[in-house]
Amino acid sequence: MHGTFLWHELMTPDPAAAKSFYGALLGWEPTDMDGPGFTYTTFAVPGFPSGVTGMMELSREMADQGIPPGWTGYVQVDDVDKTAAEFAENGGAIHRAPEDIPGIGRFAVVADPHGAVLSIMAPKMPDGGTGTWPTPGSPGTVGWNELMSGNWQEAWDFYAARFGWEKDMAVDMDAMGIYQTFKLGDRGLGGMMTKPPQIPMPYWGFYFIVPAIDAAAEQVKKLGGQVLMDPHQVPGGSWIAACQDPQGAYFNLTAPAR
C-alpha cells in the first residue's frame, strides 16, 4: 500500500559483527544472498522464512562520502520516479536516482526539506511479494518509525502530501513540544516531533520490538553496544530505550513490559 513502511535496512562497516549482535539481541536469523560484487543479508524472525529487515556492507567509498553506519526505512510508493521528483520539486532532495533491483522492485534514496533521509520503493516481485511474516507487534519486528524533524509541522505537511498519512494521537511533551503520531487507514505507523537542539540534524529512527525492555537493554551492553537513553515509559504504556550498536548505528527498542 502506498505510504506504508515495507522494509528497513542496515548499512554497517562490519556485517559479520552486526549479524552476531542483532542475532543475539533480537533472535534474527541471517540469510546471505550474493550479488555482483556485494552480499546482501536478510534477517528473519525464527519460524517465519520471510525476512523482516536487511543489511549491506558500508563500503570504504561510502564512508569516505560521509555516509555513517545506520538504519534506513523504505516507504512503499506506487511510482518511484514520480514520488522522487515530488520530493525534489518541494524542497527535498534525491540522493540516489531511481533504479531497478532485478526481481525486487524500483527504488530511490530521498531526503525531506530538512534533510532527513529515507528510501522509497515500488515492489515488483514475481510472486507479488507474498510470503510468511510474523504478526505485526511480534518480538523481532519493527514496531515504530520516528522522525526527529527540523520543524514537525512543516514535515507533516510535506509527508502527508507525498504519502497520504493521516494524523493520529498528538502528545503534548511540555517544553519538548508536540509529538504527532500518524497512521494510514487504521494502521499506526509512527510519530514525529521537532528535534531538540542537542540533536545535530533531522533523522528517521526505528524501534525494534522486544519482550521486556530492561533485559534487552542489558543485553545491548553485554554485546558491546551502548544504551544512549535508559528505559522509560511513554504515553500508551510501552517502554522504550535508545541504543547504538557496536559499529555505530543508532536504533531503538520498544517493549510492552519493563
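Quick look at the structure, then. In this text, all values refer to a predicted model and were calculated from it rather than measured experimentally.

Bridge count for strand β6 (residues 93-101) against strand β7 (residues 105-111) is 6 bridges, and the pairing is antiparallel. Considered in β7, the bridge of R96 is made with V109. Linkage of β6 to β7, two consecutive antiparallel strands, is achieved through a turn of 3 residues, within which G103 is found at a positive phi near 80 degrees.

Moving on to the nonpolar core. Within the largest apolar cluster, 52 residues are counted, with the highest numbers of intra-cluster contacts made by Y22, Y159, W165, W204, F251 and L253. The element contributing the most residues to this core is helix α4 (residues 152-163), with 6 residues.

On to the environment of M11, then. Looking at the element boundaries, M11 is found in strand β1 (residues 5-12). Along the chain, M11 and T194 lie 183 residues apart, while their C-alpha atoms are 25 Å from each other. Once residues within four sequence positions are removed from consideration, M11 is found in contact with M56, E57, L58, M62, P69 and G70.

Quick look at the packing of aromatic side chains now. In total, this model carries 27 aromatic pairs according to the counting rule given. Each ring, one from Y74 and one from F107, has its centre 6.4 Å from the other, and the planes form 40 degrees; the classification is tilted. On the criterion of sequence distance, the pair formed by Y74 in strand β5 (residues 70-76) and F107 in strand β7 is long-range, its members being 33 residues apart. Here Y74 and F107 have matching classes, each one buried. Each ring, one from F163 and one from W165, has its centre 5.1 Å from the other, and the planes form 45 degrees; the classification is tilted. Through pairs of rings, three or more aromatic residues link up here, namely F5, F87, F158, Y159, F163, W165, F182, W204 and F206. Between the NZ or CZ atom of R162 and the centre of the ring of F158, over which it lies, the distance is 5.0 Å.

Moving on, we come to the sheet that holds strand β3 (residues 38-44). The sheet built from 8 strands is open, its strands ordered β2-β3-β4-β1-β5-β8-β7-β6 with mixed pairing. Pairing within the sheet leaves two strands with one partner each, and these edge strands are β2 (29-35) and β6. Strand-to-strand twist of the sheet, defined as the mean angle between neighbouring strand axes without regard to direction, takes the value 25 degrees. Sheet topology note: the β5/strand β8 (residues 117-123) ladder contains 3 bridges and is parallel. The partner of Y74 across the bridge, within β8, is S119.

All right, on to the pattern of salt bridges then. Throughout the structure, instances matching the rule amount to 8 salt bridges. The shortest N-O distance in the salt bridge between R162 and E86 comes to 3.4 Å. Here R162 is found in helix α4, whereas its partner E86 is found in helix α3 (residues 80-89), with 76 residues between them in sequence. Neither residue differs from the other here; R162 and E86 are each classed as buried. Salt bridges linked by common partners bring D81, D100 and R106 together as one network.

What counts, and at which threshold
Residue numbers run consecutively from 1 along every chain, following the written order of its sequence. pLDDT decides what is reported in this predicted model: residues at 70 or higher carry local features, side-chain atom pairs at 80 or more are listed and counted, and totals for whole chains, interfaces and linings draw on all residues regardless. Side-chain measures here rest on the full set of heavy atoms in the structure, leaving out hydrogens and waters. Note on pairing: DSSP must find at least two bridges between two strands before they are called paired. Each helix corresponds to a stretch of at least 4 residues labelled H or I by DSSP, and each strand to a stretch of at least 2 residues labelled E; elements are numbered beginning at the N terminus. The criterion is simple. A nonpolar core is a set of buried Ala, Val, Leu, Ile, Met, Phe, Trp, Tyr and Cys residues joined through side-chain atoms within 4.5 Å. Burial classes follow relative accessibility: with a 1.4 Å probe on protein chains only, a residue under 20% of its type's maximum area counts as buried, one over 50% as exposed, and anything between as partly exposed. Whether two residues are in contact is decided by their heavy atoms, any of which lying within 4.5 Å being enough. For Phe, Tyr and Trp, where Trp contributes only its six-membered ring, two rings pair if their centres lie within 6.5 Å, and the inter-plane angle classes them as stacked under 30 degrees, edge-to-face over 60, or tilted in between. Here, over-ring charges are defined by two tests on the NZ atom of lysine or the CZ atom of arginine: distance to the ring centre within 6 Å, and angle to the ring normal within 35 degrees. Throughout, an axis means a line fitted to C-alpha atoms (over the contacting stretch in the case of helices), and angles, computed between N-to-C directions, take values from 0 to 180 degrees. Any carboxyl oxygen of Asp or Glu within 4 Å of a side-chain nitrogen of Lys or Arg constitutes a salt bridge here.

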